[in-house]
Number of protein chains: 2
Amino acid sequence: MASSIFCLFFILIFLQVNSWPLLRNHGSFDGYNASKNKLESLFGIHDFKIQNNHFPDRPMHPLDPLTIQEIETTRSILSSYQPFLGSSLRIHSLSLDEPDKSEVLRWKRGNPLPTRKAFVVVLLNGQAHLLVVDLGSGKVSSHTRNPASGYPSLSADDASTALEATFSNLVFRKAISARGVEIDDVICSAAAPGWFGPEEEGRRITKIKCYTAQNTPNYYLRPIEGLLLTVDLDSGEVINIYDTHSEIPIPKAEGTDYRRDGVEYRAPGVEPLKPISMEQPNGQSFKVEDGYIVKWASWEFHLKADQRAGIIISRATVFDPETGKRRSVMYKAFASELFVPYMDVDDGWYFRAYMDAGEFGLGATAMELVPLNDCPRNSHYIDGLFVDPDGRPVFQPNVICVFERYSGDIAWRHSGTQLNDDLIREARPKISLVARTTATVGNYDYIFDWEFQTDGSIRVTVGLSGIILAKGSPYEHINQFEIPRWDSPAGSLVSENTIGVAHDHFITFHLDMDVDGPINSFVKVDLVKNYNIAGKIERKSYWSPKRKVAKSEDDAKIKLQLDKPSEYHVINPRRKSRLGNPSGYKIVPSATATSLLDLHDPPQLRAAFTNNQIWVTPYNRSEQWAGGLFTYQSHGDDTLAVWSNRNRGIEKQDIVLWYTLGFHHLPCQEDFPVMPTVTSTFQLKPVNFFERNPIIQANPNFAEDLPMCRPGRH
Amino acid sequence: MASSIFCLFFILIFLQVNSWPLLRNHGSFDGYNASKNKLESLFGIHDFKIQNNHFPDRPMHPLDPLTIQEIETTRSILSSYQPFLGSSLRIHSLSLDEPDKSEVLRWKRGNPLPTRKAFVVVLLNGQAHLLVVDLGSGKVSSHTRNPASGYPSLSADDASTALEATFSNLVFRKAISARGVEIDDVICSAAAPGWFGPEEEGRRITKIKCYTAQNTPNYYLRPIEGLLLTVDLDSGEVINIYDTHSEIPIPKAEGTDYRRDGVEYRAPGVEPLKPISMEQPNGQSFKVEDGYIVKWASWEFHLKADQRAGIIISRATVFDPETGKRRSVMYKAFASELFVPYMDVDDGWYFRAYMDAGEFGLGATAMELVPLNDCPRNSHYIDGLFVDPDGRPVFQPNVICVFERYSGDIAWRHSGTQLNDDLIREARPKISLVARTTATVGNYDYIFDWEFQTDGSIRVTVGLSGIILAKGSPYEHINQFEIPRWDSPAGSLVSENTIGVAHDHFITFHLDMDVDGPINSFVKVDLVKNYNIAGKIERKSYWSPKRKVAKSEDDAKIKLQLDKPSEYHVINPRRKSRLGNPSGYKIVPSATATSLLDLHDPPQLRAAFTNNQIWVTPYNRSEQWAGGLFTYQSHGDDTLAVWSNRNRGIEKQDIVLWYTLGFHHLPCQEDFPVMPTVTSTFQLKPVNFFERNPIIQANPNFAEDLPMCRPGRH
């Protein structure tokens, strides 16, 4: 009997994790090739399967993404929109136009939803049009032109236009065969060109870099060096071919395959590990209601996939056991931009300083997660519903997973003895809830974890994996380099004829904190070194906290310094603890990096939002994207840095906290052919938000509560 | 059938995790009280149970701790040692005198062990004697006096001497009753006094701080403020009583209890979480051989508990699938010192700047781990075998646990498409092995994790939990503070009449790296900002690596700077990869903190080893303890900083890497009455040590391999 229940349960699990269709790749930026026009490899276009979707057919919450039906309606409204009649539209984005924050804050479950609106970016004759479509009235309620520089992100159509232009170009084909490469082995990628002054201004362009896929699935490690095309995305013409005609050999295919079935290289002498798994036979402790509302422990928040941001967390509230009420922590949080400058200034490389969110889209490039490997067993998967260049809904299954974590960590502990000799040995297991997405932006894979903890903390972790961007090199050994032997300006020799190009990653997070409501202040708590005048004279020094409430934006432009430490609190000045401490959350940085580029270098101008690690701005619904609404070829005239130059007041305002998490990456041989995940993290932690430790009443583990398990069927 | 196997298995697990005796507290520094002289609350003295021990009865490895028999033998040799005849010895430490490194490196399994020796610290008439006892010849082979300042760590006898002196002191008893406190409710702690110049020099003293345990097990939160005794540890006399006769009230007992049965405060509205557990029904993938050799995945290392350091990792080697050989990574690694300065300079507080390893001992204060809560199910426990002041062996069960971790993380991933349209979705689960110990140094709990990863990385994590050190205060609300209201020089108001005193934690690790052998160099790889002269002129700047091999110690005194980033490599200049890259490991810092105390402040002089985050020294068997062999009342004349002032050569030498992990802690209400664990970490990662990613051949999870589980019996 026991074992039959058990098996039934097991079968359910097994179905659950295997029930998703694995039909084809979603959102990869790879794999264009003339001989087969791979439109379907982009954003899962033509891959929309209504029968597979898990979306509510009507919105239940003001922040729910547009439904399939709402997308279709928007499309038909646009198709009959006078100014666009007769012209072929390219729809670069079509998503929910979120209601005003005040409306969302007023809304309660059961209330009618605020008017549903769609925000649409249309490209017409190379010009970006911004439209708001009112789904209530069925009318376009607003229509403006792009006020700043830049273009919408690269679309599926753009990429195929560029690739067709490339492969039909005879000079290009000659250059390929001159290198002894079969044209049918060639795969090219279309990348953002950045912006470097007038030369390439006034038209939408892309840069085409090619690889050979001969004898490897990992063509990123077989670059065709010294060949780069510039293509006009609207005219479809090749406007420049950069060809060094160089003798740089193409790195060998051997050793580049990392697929389970493809790895030649096996590890002798190391026994494979026995199975280990986080098990919850009593079921998950979290619920996902109405498709997007996650409830777990004291947390409740709205979670959705976004074509540009990947994951968006909204309306995060925590239950306060003291008051028996839910309290607001965060209105909206997401990865706003991701800046990736490479450190090679050769003509074929200088422009590589990408904005992965604005130029490609962290949701658009989010791949279907691999059950049991990208996410543990007992994960709940959430799909993405995006839009193709024709404005049709695109279904991307399983782009987010939600799971509970127990990794053997300790939430709190203390041991000791009491007066009466009784032993105290109290310890509590640490359990958390993770919402995860991954983005494969071409060669690179990003892993984004939002980890909610029972003590009221939120940990955000970014993981980097995938394939490093490789540059062909004449060298097979560092002895062949000029002196100093080890140092190549571009990076490191990671395999024969292969330079792993040095680069950075800067992920800038938009953290709209609403600590006990929207009206907050930012307090910099400096830990100030003091000299002792009061106490024991032999003790010369100590530090003490000095709190500075930021009046305006300039007070909150923070460059972290180890020898000038501070805490960074977002407080609600109106909400005091019983002791009079203001309710607050602090942002706790961990390992990070700051850009070393010159402030006036075009890539850094465009990414000026990385000039500080922390910024605080007054809430402004138009200020969502740190690199600007349009980052593609942008001049840096619409970044967080520009907005914040106004030095607006931020004391006792609805404020937004911005944090940039940075990585320097100097590749090494261990990163070849696929890199072990590198992670960094930051935390948001309650500080005098609760009257006391909110988890002193948490339960310990008891043996008799834990699962009873036997080996799997293999 | 299936379910019966299953139940049998379960019962075994259940026994395993519950089979340890929970007889009494080990190693706490709490709980001295006159009316009952609590010797047994110290270090588990008189608690030695031969029948409970899990130690090999003979040493199998040159680094194995002394066996029970070896300890007894050492004691009997000392008892007949001429110079000590007739005098009552106090043995402050008695542990293995490790053989010379060269002998250990030469030794192979099966070879006879190098001569076993004991290193003993004896206190005789206030003088520390250092003896080496040769267990082969049965003779004392070396006998010296303490060459530097300082005394051995506080012993059980010392503490009881001090407490007896205190409780029999009438002035003290008057002061207690003057405060309306029952003497039988009073618990005092004996703490290291630090060193502040001549006044207290020339004799061993301690500072006695008292609390009332009335109506709470958490007396640390009921301090009797303004009362401090100084006791001579050798004469047993009270040499000073500091009494402010202040009216500072004793904080209330209410809300201080954190025990599961004692917490009045319950969380309504939050459902308890359902069980979640890391399960391995096929068994663990690691072995512990000969008591101390841990073998897991590609890793093999020697692991033991040490009375002073807590955990010592030795001879860490990793299997290289490329060569089919084991390769050396690290000869010896441990927490060498732990400096905890408090930021209150009042006469009753100024001296609080502790050295928790050298003054108390991280192993001596290691508590028996709580199964299922301090460590997950399927943990393997290792006992500590220490020595009491009479030189008798002391058994501390389960001070270390070893377990495998899977927390849903991703070891590496990449998704994409191939030329032939085939989908690539490769992801690998991240599994690691953790060796953990905890230390309860009075009020504070430390958690030390050494996490070994399949990619060759080692992550060291330090967790802080337990009870904050509280100072009595007249205030119940911050409005009662002088302006500026929020800022108390001492810390924060965390409860009525309770200041959580601001403080730091600096954990200095001794990392004797032997990358492919002892002869290594330290290379600082600066990521240097350059201006562009070569490539596209509009791209102005980039960074590139500049490697500097450290010639001498001064080249390797590192202060971390966010805007001047570097990598820090320990390389073997003689061992090159096939590409010519030197084999190396890099230390990767994460969140940390640096001391703000004045360099000439006595506490900082004694802790000058924290003046840099990284140091590199040539190997010297006498340089193990960053704060000196004797830190108790030391003057700072025997620290890492002093040794390293010699600026010795470190290029192509056997070198030791020192890293200090720091925390600033400004307490908040969430830290009351017990603090949620705060962690930070650093990593040691292979850099061109392997020819390629060593885990590309790792297996993914398959559903049919995973456990089949059903709910526990509750």
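Here, every reference points to the structure presented above.
About the thresholds
Positions within a chain are numbered from 1, following the residues in the order the chain's sequence is written. Chain letters and ligand numbers both follow the written order, the letters beginning at A and the numbers at 1. Only residues with pLDDT of at least 70 get local features here, since the model is predicted, and only at 80 or more are side-chain atom pairs given and counted; chain-wide, interface and lining totals rely on the full set of residues. Based on all heavy atoms of the structure, the side-chain values leave hydrogens and waters out of the count. Only strands that DSSP links by at least two bridges are regarded as paired with each other. The helix count covers DSSP runs of H or I at least four residues long, the strand count covers runs of E at least two residues long, and both are numbered beginning at the N terminus. Note on geometry: axes are lines fitted to C-alpha atoms, helical ones only across the stretch in contact, with angles between N-to-C directions running from 0 to 180 degrees. Pairs of cysteine sulfur atoms within 2.5 Å are identified as disulfides in what follows. Think of it in three bands: residues with accessible area under 20% of the maximum for their type are buried, residues over 50% are exposed, and the middle band is partly exposed, with areas taken using a 1.4 Å probe on protein chains only. Polar contacts, as counted here, are pairs of nitrogen or oxygen atoms within 3.5 Å of one another; within protein the pair requires one atom able to donate a hydrogen and one able to accept it, and residues that are adjacent in sequence qualify only if both atoms are side-chain atoms. For Phe, Tyr and Trp, where Trp contributes only its six-membered ring, two rings pair if their centres lie within 6.5 Å, and the inter-plane angle classes them as stacked under 30 degrees, edge-to-face over 60, or tilted in between. Any Lys NZ or Arg CZ that is within 6 Å of a ring centre and within 35 degrees of that ring's normal is treated as a charge sitting over the ring.

Q: Hey, could you go over the sheet that holds strand 23 (residues 498-501) of chain A for me, with residue numbers and the actual values?
A: Residue and element names in this part refer to chain A. The strand order 21-23-22 describes an open sheet built from three strands, whose pairing is antiparallel. Both outer strands of the open sheet, strand 21 (470-472) and strand 22 (491-495), are each paired with one neighbouring strand and no more. Between one strand and the next, the sheet's axes are offset by a mean angle of 40°, whatever the strand orientation.

Q: Break down the state of the cysteines for me, citing the residues and quoting the values.
A: Applying the stated criterion to the full structure yields five disulfides over all chains. A sulfur-sulfur distance of 2.1 Å marks the disulfide that ties A:Cys709 to B:Cys709. On the S-S bond that ties A:Cys709 to B:Cys709, the torsion sits near 110°, and the link is right-handed. With one member in each of two chains, A:Cys709 in strand 32 (residues 708-710) and B:Cys709 in strand 32 (residues 708-710) form a pair that bridges those chains. The pair A:Cys709 / B:Cys709 is uniform in exposure class, with both members buried. Linked covalently through their sulfurs, B:Cys375 and B:Cys401 form a disulfide whose S-S length is 2.1 Å. Its torsion about the S-S bond being -85°, the disulfide of B:Cys375 and B:Cys401 is classed as left-handed. Linking B:Cys375 in the loop between helix 6 (356-360) and strand 16 (380-387) with B:Cys401 in strand 17 (residues 393-417), this pair joins segments that are 26 residues apart in sequence. B:Cys375 sits in the buried class, given a relative accessible area of 0%. Here B:Cys401 falls in the buried class, since its relative accessible area comes to 0%.

Q: Account for the side chain of B:Gln613, naming residues and giving values.
A: Residues and elements named next belong to chain B. In this fold, Gln-613 is placed in the loop between helix 7 (602-606) and strand 29 (614-618). On the basis of relative accessibility, which here comes to 4%, the residue Gln-613 falls in the buried class. A distance of 2.6 Å separates a polar atom in the side chain of Gln-613 from the backbone nitrogen of Leu-560.

Q: An account of the pairing of strand 23 of chain A is needed here, citing residue identities and associated values.
A: In the case of a regular strand, side chains alternate between the two sheet surfaces. Residue and element names in this part refer to chain A. Every second residue of strand 23 is oriented toward a common face, with Thr-498 and Gly-500 on one face and Ile-499 and Val-501 on the other, all of them buried. Direction of pairing for strand 21 relative to strand 23: antiparallel, over a ladder of three bridges. From the neighbouring strand, Gly-472 faces strand 23, where its bridge partner is Thr-498. Sheet topology places strand 22 next to strand 23; four bridges connect them, and they run antiparallel. When the sheet's bridge partners are listed, Gly-491 is paired in strand 23 with Val-501.

Q: I'd like a rundown of the packing of aromatic side chains, residues and numbers included.
A: Evaluated as defined, the whole model comprises 50 aromatic pairs over all chains. With 6.1 Å between their ring centres and 90° between their planes, A:Tyr258 and B:Trp412 make a pair best called edge-to-face. Of this pair, A:Tyr258 sits in the loop between strand 8 (238-243) and strand 9 (277-279) while B:Trp412 is found in strand 17, placing the two residues in two different chains. Like B:Trp412, A:Tyr258 is buried. On the basis of an interplanar angle of 80° and a centroid distance of 5.7 Å, the ring pair of A:Tyr350 and A:Phe351 is categorised as edge-to-face. By relative accessible area, A:Phe351 is classed as buried at 0%. Through pairs of rings, three or more aromatic residues link up here, namely A:Tyr342, A:Trp349, A:Tyr354 and A:Phe360. For the cation-ring pair, A:Arg308 lies above A:Trp625, with the distance from its terminal atom to the ring centre recorded as 4.2 Å. A cation sits over an aromatic face here: B:Lys101 above B:Tyr619, 4.6 Å from the ring centre.

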